[in-house]
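Coordinates in review
One letter stands for each residue in the lines below.
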Protein chains: 2
Amino acid sequence: MNDLSETRSPSSSVGDYLKAVWELAVDSGGTASTKGVAARLSVSPASVSNMFARLQEMGLVRYERYRGATLTERGREEALRLVRRHRLIETFLLEHLGYDWQEVHDEAERLEHAVSDGFTERLAELLGHPDHDPHGDPIPSAEGSLEVDDSMALSQVVAGRRVRISKVRDEDAAMLDYLGDRNLVPGRWLRVREVRELDGVVVVEDEEAEVYALGDPLARSIFVRND
Amino acid sequence: MNDLSETRSPSSSVGDYLKAVWELAVDSGGTASTKGVAARLSVSPASVSNMFARLQEMGLVRYERYRGATLTERGREEALRLVRRHRLIETFLLEHLGYDWQEVHDEAERLEHAVSDGFTERLAELLGHPDHDPHGDPIPSAEGSLEVDDSMALSQVVAGRRVRISKVRDEDAAMLDYLGDRNLVPGRWLRVREVRELDGVVVVEDEEAEVYALGDPLARSIFVRND
DNA sequence: ATATAAGATTAGGCAGGGCTAAACTCAATA
DNA sequence: TATTGAGTTTAGCCCTGCCTAATCTTATAT
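An unreviewed UniProt entry lists chain A under the name Manganese transport regulator, with uncultured Rubrobacteraceae bacterium as the source organism. One UniProt comment on chain A, placed under Subunit (unreviewed entry), says "Homodimer." Taken verbatim from the UniProt record of chain A, the Subcellular location (unreviewed entry) comment is "Cytoplasm".

What follows is the structure, given as structure tokens:
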């Protein structure tokens, strides 16, 4: 039990950086760039360089000047703890407090820095220990393990496949809204009728034979599995 | 609609000071001393002087060197907003998350700085718009009005009176626990049998003729009304 | 009327985080 | 190989809050 996992996050800023590194590192071979993190957190690259150095001090990342940062084991644990909090809080806001998809992200972002581990676990209890949030993202366990994600973007699926929506990107509120309106939410089955190389439009059909043509950004925001 | 009431508190520290001033000013003719606030927030008197000056800048208090600070109307609104949040959050933690009296205060203290007005009002909705928290303290309305408090400390009551517990001080967790165990909670009726000038002990009897001798600190932590 | 102590204020610092502007790396292209 | 520009880092500054030490004020007691 290291000093970080006592009860709360380190300074809220630190947590934001760790989460950003974690999220960006997923699709960049484990390393996050200064620029990427800066963009994600809306701070200047200079601030990120600065913080990377401090995170290394704290033993949360491995950092090499000019070549980005990688989470250490402790850093990863910290990040996952934050992610767990975030997703449980989102679930609570959506299911118990009547938030809609638009509003959830920001509120959760702020709350996740204020709640204790005790709060988090009681919330999990209240929610019935869900393992996915309403966007379809897996919720890391209290011990820090996370399901491997074998889903792929809808834009990558080949025509003809029958797939199930596993999650939707939760960054763009307007998009979430659009998808929510059409009930394109996790759990929904779709058949992929056509994938147009030209413009990236994916044409899908739902169980009621309703057809949707989804443009490039949308098709990259919806993730599916074929189980 | 001034800039403070947008969605969240000003910097969390500012809110703490406003609340402290508000709480201390109640029983000090509207004015809070540097020392008092310092003690309440566990910071040095110097920090308080400093902050008083800044709060005045911001138009939240009226401050005169060497003679303390008084809330302005805006300051009072801010403070009450925080108090409302705090009490609603406490209520939620106790009623929905299974916290016990001990743990509630700190968690609420941190959360109240992170939640938005929107969250607060949805929480109020979820809780059924309570007007008192479980300690018996009145919850300010969303518009900032607060019930006048005509209760008095148990230590002030004259012998023979039949009174009802209206609230218990929520600062000392051990005390709350003690009271909770004996079910000395808001709503409970008591008859005051004796008030010993000497040591401040108050002897009361509950509805089942159970008798309790309450020492000075306890008698000053329990507030009652005679309605 | 004055001395004194309690309480309050100023001065001078420190750490966390953020920013801009200027300087540096390094990889890609001419 | 030499140049160049995107991406990074450094330098220097700002602001919020907190702290200690030193210096006032003020009220109270003689």
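Now for the interface of chain B and chain A. The partner chain A presents 19 residues to the 19 residues of chain B that form the contact. For the pair chain B and chain A, the summed buried area comes to about 1,600 Å², and 61% of that belongs to carbon and sulfur atoms. Between chain B and chain A we count two salt bridges in total. The shortest N-O distance in the salt bridge between Glu103 of chain A and Arg122 of chain B comes to 2.6 Å. Mapped onto the side of chain B that touches chain A, the elements with two or more residues apiece are helix H4 (73-96), helix H5 (101-111) and helix H6 (117-127) of chain B. Ranked by residues supplied to the side of chain B that touches chain A, first place goes to H6 of chain B with five residues.

This next bit is on helix H3 (residues 45-57) of chain B. Residue and element names in this part refer to chain B. Taking 1.5 Å per residue as the helical rise, H3 with its 13 residues ought to reach 18 Å, and the 19 Å between its terminal C-alpha atoms agrees with that figure. Taken together, the buried positions of H3 are occupied by Val48, Met51, Phe52 and Leu55. Down the axis, H3 shows its buried residues gathered within 110 degrees of arc, on one side only. What points out from H3, more than 90 degrees from its buried face, is the exposed set Ala46 and Glu57. Packed against the buried residues of H3 are helix H1 (12-26), helix H2 (34-41), strand E1 (61-63) and strand E2 (69-71). The first or second residue beyond H3 is Gly59, which carries a positive phi of 75 degrees.

Now for unusual backbone geometry. With phi around 45 degrees, His129 of chain A is a residue other than glycine that occupies positive phi space. Here His129 of chain A lies in the loop between helix H6 (117-127) and strand E3 (152-153).

For the pair chain B and chain A, the best superposition has an RMSD of 0.2 Å and corresponds to a rotation of 180 degrees with a translation of 0.1 Å parallel to the axis. Read as a symmetry element, the transformation amounts to a two-fold axis. In terms of proximity to the rotation axis, the leading residue of chain B is Ala114 of chain B, whose C-alpha is 3.1 Å off the axis. Mapped onto chain A, 100% of the interface residues of chain B are again interface residues, and the two copies thus contact each other with one and the same surface.

With that out of the way, let us pick up empty space enclosed by the protein. Here the structure, examined in full by the defined rule, presents two cavities of 30 Å³ or more. Reported here for the largest cavity is a volume of approximately 90 Å³. Considering the residues around the largest cavity, the lining is formed by 13 residues, among which Leu111 and Phe119 of chain A together with Phe92, Leu111 and Phe119 of chain B are closest to the centre. Among the elements of the structure, helix H4 (73-96) and H6 of chain A together with H4 and H6 of chain B are those that each provide at least two residues to the lining of the largest cavity. Here the element with the most residues in the lining of the largest cavity is H4 of chain B; it accounts for three residues. Tallied by class, the residues present in the lining of the largest cavity amount to 13 nonpolar, no polar and no charged. There is about 30 Å³ of room inside the second largest cavity.

Cut-offs used in this document
- Residues numbered from 1 in each chain as written.
- Chains lettered and ligands numbered in written order.
- Predicted model: local features only at pLDDT ≥ 70, side-chain atom pairs only at ≥ 80, totals over all residues.
- Heavy atoms only, no water.
- UniProt positions renumbered as here; feature names shortened; annotations may be inferred.
- Contact = heavy atoms within 4.5 Å.
- Buried area = accessible area lost by both parts, 1.4 Å probe.
- Salt bridge = Lys/Arg side-chain N within 4 Å of Asp/Glu carboxyl O.
- Helix = DSSP H or I, 4+ residues; strand = E, 2+ residues; numbered from the N terminus.
- Expected span 1.5 Å × (residues − 1).
- Buried < 20%, exposed > 50% of the residue type's maximum accessible area, 1.4 Å probe, protein only.
- Arc of directions from axis to C-beta.
- Least-squares fit on C-alpha atoms with pLDDT ≥ 70 in both.
- 1 Å grid on protein atoms, 1.4 Å probe; cavity = no way out; pocket = protein on both sides within 12 Å on 5 of 7 lines; lining within 4 Å.
- Points joined across faces, edges and corners; volume = space filled by probe spheres on them.
- Nonpolar A, V, L, I, M, F, W, Y, C, P; charged D, E, K, R; others polar.

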